Amino acid sequence: MHDNEVKELSRRVLSDVGGAFAIAMAYIGDRMGLFRSLAAAGSMSSAALAEKTGLNERYVREWLKAMCSAEYLEFDPDTETYAMTSVQAAVLADEEGPFFMGGALQFTIPSLYHVPRLIDAFHNGGGIPYGELGEEIAEAMDRLHRPLLDHLLVPHWLPNVPGVVEKLDAGIDLLDVGCGSGRSSVALASSFPRSNVVGLDPDLYSIRRARQHAAQAGLTNLHFIADSLDGLPGKPHYQLIVAFDCVHDMAEPVRELATIRALLGTDGRFLWIEPTGSANPLDNRDPVGKMRACVSPLHCLTVSLAYDGAGLGGIIGDRVPRDLAERAGFSQFESVPVEGANYQFFLLRP
């Protein structure tokens, strides 16, 4: 053991601790509308921002100092005003933009509320069902995935998947499994009006949000079902089934995948999208890998183990999906490269 190595690790731990507290402050800024108000105004004093948001000036002043220290906003010492650069505003204030991170901020803090229950699970096993994580988690997941599903899914991801865009353009029946608040379903139904899209998710609160999104978009080729795959009515007829970032959460992934296979019609395809990451934890020593590995026990793992499930965790690599698909009876499994996506794409045929 060398003193320099000990000091370096200590600095990294301190940086992570500082980051955790910075995210707590950023969460408050997102929830209280502080980022949005500051970005819209251009520059403001703490008093002006407090007045605009209806918040206590002393807390707002300290929040501004904290966010300036975190480099989330800027300070002009001559005028004693704060402002956001265009980059900071894109990441922290532009809800509809492709770089918005407010959903990640909102997802982090409510997830930490469940640490005491997770400690109990470490002792006794079991887990926390998704429905007990709280409605704010569902809202945060919606906002977290919105930049990807609104801006990347159709124009950048799908063209890499052989034959899918052509089928959707022509008009097919599509099932979106684990659709959550429906961003993926809305993006698909909006872009491919000849196709009929069904969004499926067992979380009723998420489905209510999904129906609101569909109504706002004025879509008539989309409807949502609040149920599991087992409760889905109808015979095999879907030409395309998609599952975005959800199979690893399932309690019985082999059985669920087998059900998906049975729902596919002639020449049907299953597009399965999973987070990137390696089964070897040493390969995940980067910001995205660290985030996903640390989120896994708090979310992905526990919602599966709550039902005595498989507990795949949030990073399943590329070998596990192939094995699961084979056990579920799929005859073809193809890995589809999508550059820069931070997700793995698998195309399966029954």
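Help me out: how do you make sense of the overall build of the protein chain in this one?
When helices and strands are counted, the protein chain shows 16 helices and 10 strands. Here the C-alpha atoms of the protein chain give a radius of gyration of 22 Å, agreeing with the 20 Å that 2.2 N^0.38 yields for 350 residues. Taken along the three principal axes of its C-alpha coordinates, the protein chain extends 70 × 55 × 35 Å. A buried classification covers 46% of the 350 residues belonging to the protein chain. Long-range pairs, those at least 24 residues apart, make up 68% of the contacts in the protein chain between residues at least 6 apart in sequence. Between the averaged position of the 29 positive side-chain charges in the protein chain and that of its 45 negative side-chain charges there is a distance of 2 Å.

Explain unusual backbone geometry here, please?
Trans peptide bonds make up the majority, and among non-glycine residues the majority have a negative phi. For Asp 267, which is not glycine, the phi dihedral falls at a positive 60°. Relative to the elements of secondary structure, Asp 267 occurs in strand 8 (residues 264-275). By relative accessible area, which is 42% here, Asp 267 ends up partly exposed. Positive phi, close to 55°, is recorded for Asp 308, a residue that is not glycine.

What exactly am I supposed to notice about the pattern of salt bridges here?
When the charged atoms of two side chains lie near each other, side chains of opposite charge can form a pair. On inspection of all chains with the given rule, the structure shows 19 salt bridges. Among the salt bridges present, the one from Glu 57 reaches Arg 61, with a minimum N-O distance of 2.9 Å. Of this pair, Glu 57 and Arg 61 both sit in helix 4 (residues 57-69), 4 residues apart, which is roughly one turn of that helix. Three or more residues are tied together by salt bridges with common partners; here these are Asp 30, Arg 31, Arg 36, Glu 95, Glu 139 and Arg 143.

It is not clear to me how the pairing of strand 4 (residues 173-177) should be interpreted in this structure. Could you clarify?
Counting buried positions along strand 4 yields 4 of 5 residues, so the element is predominantly enclosed. Relative to strand 5 (residues 196-201), strand 4 is paired through 5 bridges, and the arrangement is parallel. Note on strand 5: the bridge partner recorded for Asp 173 is Asn 196. With 4 bridges joining them, strand 4 and strand 7 (residues 238-244) adopt parallel strand pairing. Bridge pairing in strand 7 links Leu 175 to Ile 241.

What is the right way to look at the nonpolar core in this model?
What tends to happen in soluble globular proteins is that the nonpolar side chains get buried as a cluster. Ranked by size, the top nonpolar core spans 36 residues in total, and within it Trp 157, Leu 158, Leu 168, Leu 188 and Phe 345 carry the most contacts. The biggest single contributor to this core is helix 11 (residues 183-191), with 4 residues. Look past the residues within four positions of Trp 157 in its chain and what remains in contact with it is Leu 148, Leu 152, Phe 244, Val 338, Ala 341, Tyr 343 and Phe 345. Ala 243, Val 247, Leu 264 and Ala 328 belong to the second largest nonpolar core, which has 27 residues in total.

What exactly am I supposed to notice about helix 16 (residues 319-327) here?
Since the α-helix advances by 3.6 residues per turn, residues separated by three or four positions end up pointing in the same direction. Among all positions of helix 16, only Pro 321, Leu 324 and Ala 325 are buried. One side of helix 16 holds all its buried residues, which, seen down the axis, span an arc of 100°. Exposed side chains of helix 16 directed beyond 90 degrees from the buried face belong to Arg 319, Glu 326 and Arg 327. In this fold, the buried residues of helix 16 make contact with helix 13 (253-263), strand 8, strand 9 (332-336) and strand 10 (343-349). Of the residues one or two after helix 16, Gly 329 is the one with positive phi, at around 95°.

Can you help me understand a nonpolar patch on the surface in this one?
A cluster of nonpolar side chains, contributed by Leu 9, Val 13, Val 17 and Phe 21, occupies part of the molecular surface with about 370 Å² of accessible area. Positionally, Phe 21 belongs in helix 1 (residues 3-31). With a relative accessible area of 58%, Phe 21 lands in the exposed category.

Which parts of the structure should I look at to understand the sheet that holds strand 1 (residues 43-44)?
Strand order in the open sheet formed by 3 strands is 1-3-2, with antiparallel pairing between adjacent strands. Across the chains shown, the open sheet's two edge strands, defined by having one partner strand only, are strand 1 and strand 2 (74-76). Looking at chain direction, strand 1 and strand 3 (residues 81-83) are connected through 2 bridges and run antiparallel. By the bridge assignment, Met 44 is partnered in strand 3 with Tyr 82.

Help me understand the side chain of His 299 in this model?
The topology assignment puts His 299 in the loop between helix 14 (287-298) and helix 15 (300-305). The exposure class of His 299 is buried, given its relative accessible area of 4%. Dropping the residues within four chain positions of it, His 299 is found in contact with Phe 107, Tyr 130, Leu 133, Ile 137, Met 141 and Asp 249.

Cut-offs used in this document
Residues numbered from 1 in each chain as written. Predicted model: local features only at pLDDT ≥ 70, side-chain atom pairs only at ≥ 80, totals over all residues. Heavy atoms only, no water. Helix = DSSP H or I, 4+ residues; strand = E, 2+ residues; numbered from the N terminus. Rg over C-alpha atoms; globule rule 2.2 N^0.38 Å. Buried < 20%, exposed > 50% of the residue type's maximum accessible area, 1.4 Å probe, protein only. Contact = heavy atoms within 4.5 Å. Lys, Arg positive; Asp, Glu negative; His and termini not counted. Charge placed at Lys NZ, Arg CZ, Asp CG, Glu CD. Salt bridge = Lys/Arg side-chain N within 4 Å of Asp/Glu carboxyl O. Pairing = 2+ DSSP bridges. Core = buried A, V, L, I, M, F, W, Y, C linked by side-chain atoms within 4.5 Å. Arc of directions from axis to C-beta. Patch = residues over 30% accessible without salt bridge, like charges linked within 9 Å, V, L, I, M, F, W, Y side chains within 5 Å. Areas by Shrake-Rupley, 256 points an atom, 1.4 Å probe, with all protein chains shown as cover.

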